[in-house]
Amino acid sequence: HASISAIVQFLPEDLGTFARAHPQVKIDLKEMLSTEVLRAVREGAADLGVCNGAVGTGELQLLPYREDHLALIVPAGHPLAGQERLAFEAALDFDHVGLHSNSSIHRAMHQAATRLQRAIRLRIQVTGLDAMCRMIANGLGVGVMPLRAFGLMHAGGTLQAIELSDAWAHRSLSLVARDFDTLPVTARMLVEHLRGRPPPPEHAPS
């Protein structure tokens, strides 16, 4: 089980090379929210999870996988357009297109707003990054998503990605298991592969 951030940004290339090297191995991948990934691993519904490492993992074991950076997505002509980097607080004056309430990005945003004693003007919520970009492009607000995901989706043209300077916007994605040493042989092979591959090149903001 893996979060949408991991699936969009990193897993296609990593799983593709693993599958070509081990064509006899079948990988059953499901997209889940980070909290659901942890629950699936904890309950034994998944051997391995890939999700935001900042989410409470309890007794589960973690290994580092990748790093990502969140960005604010704005339409062309927006008052914030043209900036390369800004603090999340600057986005709180505008309507937002948000992800599911249980997503790690949604939680991080609301925790940041609470620390600033501000509220997020959430206009609409969506379940995917493609839908978020379409809503932003049609004037329904701004949104926060991983910078590399934005580049990979080719969501440029009428949209711009602005890196967030806040510390919480730099995130660690982790591999999660109940016990890595007791995983099935094929699952351990996959863990070694995922940890051994260099991270893909970053995509610059459009």
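Up top is the structure.
A few points on the structure. If you're wondering where the values come from, they're calculated on a predicted model, not measured in any experiment. (Residues numbered from 1 in each chain as written. Predicted model: local features only at pLDDT ≥ 70, side-chain atom pairs only at ≥ 80, totals over all residues. Heavy atoms only, no water.)

1. Quick look at the packing of aromatic side chains
- One pass over the full model with this rule turns up 2 aromatic pairs.
- Aromatic side chains Phe 10 and Tyr 65 sit 6.2 Å apart centroid to centroid with 85° between the ring planes, which places their arrangement in the edge-to-face category. In this pair, Phe 10 is assigned in the loop between α1 (4-9) and α2 (11-21) and Tyr 65 in strand β2 (residues 61-75), connecting sequence segments 55 residues apart.
- Given the relative accessible area of 7%, Tyr 65 is considered buried.
- One Lys or Arg, Arg 66, reaches over the ring of Phe 10 and ends 6.0 Å from the middle of that ring. (Phe/Tyr/Trp six-rings, centres within 6.5 Å; stacked < 30°, edge-to-face > 60°. Helix = DSSP H or I, 4+ residues; strand = E, 2+ residues; numbered from the N terminus. Buried < 20%, exposed > 50% of the residue type's maximum accessible area, 1.4 Å probe, protein only. Lys NZ or Arg CZ within 6 Å of the ring centre and 35° of its normal.)

2. Notes on the nonpolar core
- Within the largest apolar cluster, 37 residues are counted, with the highest numbers of intra-cluster contacts made by Leu 72, Ile 73, Phe 88, Val 144, Leu 164 and Trp 168.
- Sorting the residues of this core by element identifies β2, α4 (104-115), α5 (129-137), β6 (143-146), α6 (147-152) and β7 (159-164) as the ones contributing at least two each.
- With residues near it in sequence (within four places) discarded, Leu 164 still touches His 69, Leu 70, Ala 71, Leu 72, Arg 85, Leu 86, Ala 87, Phe 88, Val 144 and Ala 169. (Core = buried A, V, L, I, M, F, W, Y, C linked by side-chain atoms within 4.5 Å. Contact = heavy atoms within 4.5 Å.)

3. What about unusual backbone geometry?
- In the Ramachandran plot, Gln 117 falls in the positive-phi region, its phi being about 55° despite a non-glycine side chain.
- Inspection of the secondary structure assignment puts Gln 117 in the loop between α4 and β5 (121-125).
- Note on Gln 117: relative accessible area 76%, which makes it exposed.

4. Quick word on the pattern of salt bridges
- All chains considered together, the criterion is met by 7 salt bridges.
- Salt-bridge contacts for Arg 85 lead to Glu 163; the nearest nitrogen and oxygen are separated by 3.4 Å. Note that Arg 85 is positioned in strand β3 (residues 85-86) and Glu 163 in strand β7, a separation of 78 residues in sequence.
- Overlapping salt bridges bring together Asp 95, Arg 121 and Arg 123 as one network. (Salt bridge = Lys/Arg side-chain N within 4 Å of Asp/Glu carboxyl O.)

5. Some remarks on the layout of surface pockets
- In this structure, the largest pocket spans a volume of roughly 430 Å³.
- In terms of lining, the largest pocket is formed by 21 residues, of which the most central are Ile 27, Asp 28, Asp 47, Leu 48 and Leu 190.
- Every element with two or more residues in the lining of the largest pocket is listed here: α2, β1 (49-52) and α7 (185-196).
- A per-element tally of the lining of the largest pocket places α7 first, with 4 residues.
- Broken down by class, the residue content of the lining of the largest pocket amounts to 14 nonpolar, 3 polar and 4 charged. (1 Å grid on protein atoms, 1.4 Å probe; cavity = no way out; pocket = protein on both sides within 12 Å on 5 of 7 lines; lining within 4 Å. Points joined across faces, edges and corners; volume = space filled by probe spheres on them. Nonpolar A, V, L, I, M, F, W, Y, C, P; charged D, E, K, R; others polar.)

6. Section: α7
- Taking 1.5 Å of rise per residue, 12 residues should cover 16 Å, and α7 covers 16 Å from first to last C-alpha, within 8% of that figure.
- Looking only at α7, the buried set comprises Ala 187, Leu 190, Val 191, His 193 and Leu 194. All buried residues of α7 project into a common sector of 165° when viewed along the axis, lining one side. Seen from the buried face of α7, the exposed residues on the opposite side, beyond 90 degrees, are Val 185, Glu 192 and Gly 196.
- In this structure, the buried side of α7 is in contact with α2, β2 and β8 (170-177). (Expected span 1.5 Å × (residues − 1). Arc of directions from axis to C-beta.)

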